Amino acid sequence: MKDSTLLIPAPLRAYMLAHSVPLDAVQQRLIERTTALPEVAHWQTAPEQSALITLLVRALGARHAVDVGSFTGMSSLAMARGLQPGGRVIACDISDDWTPVATEAWQAAGVADLVELRIAPAIETLRALPAERYLDFSFVDADKEGYLEYYEELVVRTRQGGIVAFDNTFRSGRVLEPVKSADHAVIEFNARLAKDSRVEVVMLPVADGMSLAWRK
Ligand SMILES: C[S@@+](CC[C@H](N)C(=O)[O-])C[C@H]1O[C@@H](n2cnc3c(N)ncnc32)[C@H](O)[C@@H]1O
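Summary of the structure given here.

This next bit is on the site of the ligand. Around the ligand, a shell composed of 18 residues is seen, among which T45, G69, S75, D93 and A122 lie nearest. T45 places a side-chain nitrogen or oxygen 2.7 Å from an oxygen atom of the ligand. One of the side-chain nitrogen or oxygen atoms of D141 is found 3.2 Å away from a nitrogen atom of the ligand. With the chains in place, 90% of the 610 Å² that the ligand exposes on its own is no longer accessible. The residue makeup of the shell around the ligand, split by class, is 10 nonpolar, five polar and three charged.

The next subject is the nonpolar core. Ranked by internal contacts, the top residues of the largest apolar core, which has 32 residues, are I53, V57, M79, W106, F137, F139 and M210. Broken down by secondary-structure element, the contributors of at least two residues to this core are α2 (25-35), α3 (47-59), α4 (74-82), β2 (88-93), α5 (99-108), β4 (135-140), β5 (158-167) and β7 (210-215). Among the elements that make up this core, the one with the highest residue count is α4 (five residues). Excluding residues that lie within four positions of it along the chain, I53 makes contacts with T45, S75, A78, M79, F137, F139 and M210. Formed by 23 residues, the second largest nonpolar core is a distinct cluster that contains I90, L129, Y134 and F189.

Turning next to the pairing of β2. Within β2, five of the six residues are buried, leaving the element largely enclosed by the surrounding structure. Relative to β2, strand β1 (residues 64-68) runs parallel, the two sharing five bridges. Residue pairing for β2: V68 is matched across the bridge by C92. Handedness of the crossover is the feature at issue here: the chain leaves β1, passes through α4, returns alongside β2, and the resulting connection is right-handed. Bridge count between β2 and strand β3 (residues 115-119): five bridges; the pairing is parallel. Bridging across to β3, D93 finds its partner in I119. You can see the chain leave β2, run along α5 and come back into β3, and the turn it takes is right-handed.

A side chain with one charge may pair with a side chain of the opposite charge, provided their charged atoms come close. Tallying each qualifying case throughout the model produces 15 salt bridges. Of the charged contacts in the structure, one is a salt bridge between E152 and R198, with a shortest N-O distance of 3.2 Å. Residue E152 is located in helix α7 (residues 147-155), and its partner R198 is located in the loop between α8 (181-195) and β6 (199-204); the two are separated by 46 residues in the primary sequence. You can call R198 partly exposed: its relative accessible area is 25%. A salt bridge links R198 to D196; the nearest nitrogen and oxygen atoms lie 2.7 Å apart.

With that out of the way, let us pick up the environment of D24. Tracing the backbone through its elements, the reader meets D24 in the loop between α1 (10-18) and α2. Among the residues examined, D24 registers a relative accessible area of 27% and is labelled partly exposed. Side-chain polar atoms of D24 contact the side chain of R81, separated by 2.5 Å.

Definitions and cut-offs
- Residues numbered from 1 in each chain as written.
- Predicted model: local features only at pLDDT ≥ 70, side-chain atom pairs only at ≥ 80, totals over all residues.
- Heavy atoms only, no water.
- Near = heavy atom within 4 Å.
- Polar contact = N/O pair within 3.5 Å; in protein donor to acceptor, adjacent residues only side chain to side chain.
- Areas by Shrake-Rupley, 256 points an atom, 1.4 Å probe, with all protein chains shown as cover.
- Nonpolar A, V, L, I, M, F, W, Y, C, P; charged D, E, K, R; others polar.
- Core = buried A, V, L, I, M, F, W, Y, C linked by side-chain atoms within 4.5 Å.
- Buried < 20%, exposed > 50% of the residue type's maximum accessible area, 1.4 Å probe, protein only.
- Helix = DSSP H or I, 4+ residues; strand = E, 2+ residues; numbered from the N terminus.
- Contact = heavy atoms within 4.5 Å.
- Pairing = 2+ DSSP bridges.
- Right-handed = clockwise from strand over helix to strand, strands pointing away.
- Salt bridge = Lys/Arg side-chain N within 4 Å of Asp/Glu carboxyl O.

None of the figures reported here should be taken as evidence of function without further support.
What follows is the structure in structure tokens.
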């Protein structure tokens, strides 16, 4: 886990985390296991995002949640913990490289039965979901070039008052000075989202930027 973010220096972030819901043993172990992975450790959803996701899922009374980019399982775990009884998370990932780490954490947390892992390109998984407005909460944290397509599939399936959330909408500040193709993709995505009359958008300075689209 990084000890600072783009906007919050390490001491203030430590203070923030110390005064928010603490990580439990399952999350701490998941952070340790993910931190040990070469090259991809930084992909993990941050503790403050994880806490926010659980809070939002609880506040929405959610039963139907979707996680686009489940990786080692932190965001799906956060959603599963906030669900109402009978709720489910559809966890999407294109790779099963990290599935053993994720399922170990979900089992340790007692939520494995609440998470349905679907290994396939996320766009295929999303297009196969029922064509109804039934989703309460979704969190998108996969390939940035796919954000617009994922959004279009999710927004038409999200109930009135539901939320579609997106990670990395600051791109480490590069939305102001793009360098990579993914930066341009997120700039276009952010602009389209802000103009979409189907939703009200709040962009939060949490971790690397987190946009919440509230469905009208
Ligand atoms: C930043 S990680 C997600 C972190 C995760 N949300 C967590 O809680 O730690 C991005 C994930 O998206 C997955 N991914 C990338 N492209 C994808 C695609 N086209 N469809 C589905 N998953 C994809 C990657 O395999 C990776 O596991």
